[in-house]
Amino acid sequence: MRLAVVALSGVILVAPGGAEARPLRVLSLDQCADQYVLALAPDADLALSPRADDPDAWMRDAAAGRRRVRPTLEAAIAFQPDVVVRYWGGEPRLLSRLEADGARVLTIDDATDFNGVRADIRKVSIGLGAANRGEALIARMDATLPATSAHGGTRPRAQYLTPGGFTAGKGTLIDAILFAAGFANAAEAPFFAPVSIERMVLVPPARFVLGFFDQSRDDWRGAGRHPVLQRLARGRVAARLPAAALTCPGWFAADAAAMLKAGA
């Protein structure tokens with residue numbers, strides 16, 4: 001059984017009897033978890049997911065040169081992690097075996113607002129023995145969030161749109177990003193839902209907020225790339241938000257809000 005002693009750096013383990021210290025071993029099971037462990041435990045012995053340096057990863061530059069491990073039972077057991085971080089990755093048999101072997105599994109929750117992101121950062125940072133680093137990351141996020149307008153008035157309405165033809169309503173982090181940037185969400189249905197091209201032609205939104213359109217390989221024939229919508233969006237695009245700022249409920253959602261505020 002492991003005996004963990006968390007040092008100021010949050011990455012030192014010593015075994016009973018004063019055995020030689022070694023870095024904390026952290027296994028990340030998906031791309032979202034990669035972002036968290038790279039930001040909160042950069043000095044740990046990290047095993048990242050195969051998608052850690054994809055173009056839609058916020059911390060892709062920090063992932064350069066890091067070990068990659070496929071989320072299989074054999075690979076995970078061979079790595080012998082002390083802590084496992086996941087958002088959606090890892091099937092139940094794998095997670096059960098890792099816990100049985102003594103690893104702590106930290107799950108990033110699907111945050112729908114910035115309070116939820118703060119809670120995720122705190123949970124993961126504490127689990128990694130890096131609470132101070134987590135609070136610093138939260139402070140950085142809060143400093144990045146656009147200042148709320150002090151005066152009243154009607155917020156301009158904006159329609160979020162992906163290449164696949166989906167939008168996001170209440171109960172999503174996208175809605176929180178729109179609100180933080182000073183917009184009202186034009187989506188009528190809650191959560192994620194397909195858009196109606198016909199309805200938007202009849203009642204065009206004042207502004208479009210385009211997300212994931214920098215990923216040209218994805219949804220090339222999706223409804224969001226329909227020529228009618230592309231013509232409708234001309235001159236009405238408040239911002240084109242990069243996929244890297246939207247793929248995960250992380251602190252960089254504040255960067256997306258800041259980009260949208262600046263574009264507007």
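As a further point, take the nonpolar core. Within the largest apolar cluster, 55 residues are counted, with the highest numbers of intra-cluster contacts made by Tyr-36, Val-85, Phe-114, Leu-128, Trp-251 and Leu-260. It is helix 1 (residues 31–40) that contributes the most residues to this core, seven residues altogether. Core analysis: the second largest hydrophobic core is formed by 13 residues, Leu-29, Ala-47, Val-84 and Leu-94 among them.

A few words on the packing of aromatic side chains. Taken as a whole and judged by the stated rule, the model has three aromatic pairs. When the centroid spacing of 5.5 Å and the interplanar angle of 80 degrees are considered together, the rings of Tyr-36 and Trp-251 count as edge-to-face. Highlighted residues: Tyr-36 in helix 1 and Trp-251 in the loop between strand 13 (237–241) and helix 9 (253–263), separated in sequence by 215 residues. We note that Tyr-36, like Trp-251, is buried. Both rings, one in Trp-58 and one in Phe-252, keep their centres 5.3 Å apart while their planes meet at 25 degrees; by these two values the pair is stacked. Placement of Trp-58 in the loop between strand 4 (45–48) and strand 5 (67–68) and of Phe-252 in the loop between strand 13 and helix 9 is noted, with a sequence separation of 194 residues between them. Look at Phe-252 and you get buried, because its relative accessible area is 0%.

This next bit is on helix 9. For an α-helix, 3.6 residues make a turn, and residues three or four places apart therefore share a direction. For helix 9, the set of buried residues is Ala-253, Ala-254, Asp-255, Ala-256, Ala-257 and Leu-260. Where helix 9 is buried, its residues meet helix 4 (114–127), helix 5 (131–144), helix 6 (173–180), strand 12 (207–211) and strand 13.

Let us look at the sheet that holds strand 12. Hydrogen bonding along the main chain pairs the strands of a sheet, whether they run parallel or antiparallel. Strand order in the open sheet made by the four strands is 10-8-12-13, with parallel pairing throughout. A strand with exactly one partner marks an edge of an open sheet, and here the two such strands are strand 10 (184–185) and strand 13. Alignment of strand 8 (residues 157–161) against strand 12, held across four bridges, turns out to be parallel. Residue pairing across strands places Tyr-160 opposite Val-209, the latter belonging to strand 12.

Our focus in this paragraph is the environment of Ala-258. Examined against the element boundaries, Ala-258 turns out to sit in helix 9. Judged by relative accessible area, Ala-258 falls into the partly exposed class, the value being 26%. Spatially, the C-alpha atom of Ala-258 lies 6.7 Å from that of Thr-144, the residues being 114 residues apart in sequence. The residues touching Ala-258, leaving out its near neighbours within four places in the chain, are Thr-144 and Pro-146.

So, about the side chain of Asn-185. Mapped onto the secondary structure, Asn-185 falls in strand 10. Within the structure, Asn-185 has its side chain in polar contact with the backbone oxygen of Ala-168 (distance 2.8 Å). For Asn-185, the side chain forms a polar contact with the side chain of Asp-175, separated by 3.0 Å. Contacts of Asn-185, omitting those with residues within four sequence positions, involve Arg-157, Ala-158, Ala-168, Gly-169, Lys-170, Asp-175 and Leu-178.

Turning next to the side chain of Gln-31. Topologically, Gln-31 is positioned in helix 1. A relative accessible area of 7% places Gln-31 in the buried class. Of note is the side chain of Gln-31, whose polar atom sits 3.3 Å from the backbone oxygen of Arg-51. Setting aside residues no more than four positions away along its own chain, Gln-31 makes contact with Ser-49, Arg-51, Asp-54, Asp-56, Ala-57 and Thr-247.

The next thing to look at is the pattern of salt bridges. With the rule as written, the count across this model stands at 14 salt bridges. Across the pair Asp-54 and Arg-51 runs a salt bridge whose closest N-O atoms are separated by 2.9 Å. The exposure class of Arg-51 is partly exposed, given its relative accessible area of 33%. The salt bridge involving Asp-175 is made with Lys-170; its shortest N-O contact spans 3.8 Å.

Our focus in this paragraph is the state of the cysteines. In this structure the tally under the stated criterion is one disulfide. Each sulfur of the disulfide joining Cys-32 and Cys-248 lies 1.8 Å from the other. Across the disulfide from Cys-32 to Cys-248, rotation about the S-S bond amounts to roughly 45 degrees, and the bridge is consequently right-handed. Here Cys-248 lies in the loop between strand 13 and helix 9 and Cys-32 lies in helix 1, a separation of 216 residues in the sequence. Of the two residues, Cys-32 and Cys-248, neither departs from the other in class, the shared state being buried.

Parameters and conventions
- Residues numbered from 1 in each chain as written.
- Predicted model: local features only at pLDDT ≥ 70, side-chain atom pairs only at ≥ 80, totals over all residues.
- Heavy atoms only, no water.
- Core = buried A, V, L, I, M, F, W, Y, C linked by side-chain atoms within 4.5 Å.
- Buried < 20%, exposed > 50% of the residue type's maximum accessible area, 1.4 Å probe, protein only.
- Helix = DSSP H or I, 4+ residues; strand = E, 2+ residues; numbered from the N terminus.
- Phe/Tyr/Trp six-rings, centres within 6.5 Å; stacked < 30°, edge-to-face > 60°.
- Contact = heavy atoms within 4.5 Å.
- Pairing = 2+ DSSP bridges.
- Polar contact = N/O pair within 3.5 Å; in protein donor to acceptor, adjacent residues only side chain to side chain.
- Salt bridge = Lys/Arg side-chain N within 4 Å of Asp/Glu carboxyl O.
- Disulfide = S-S within 2.5 Å.

Structural measurements only, silent on function.
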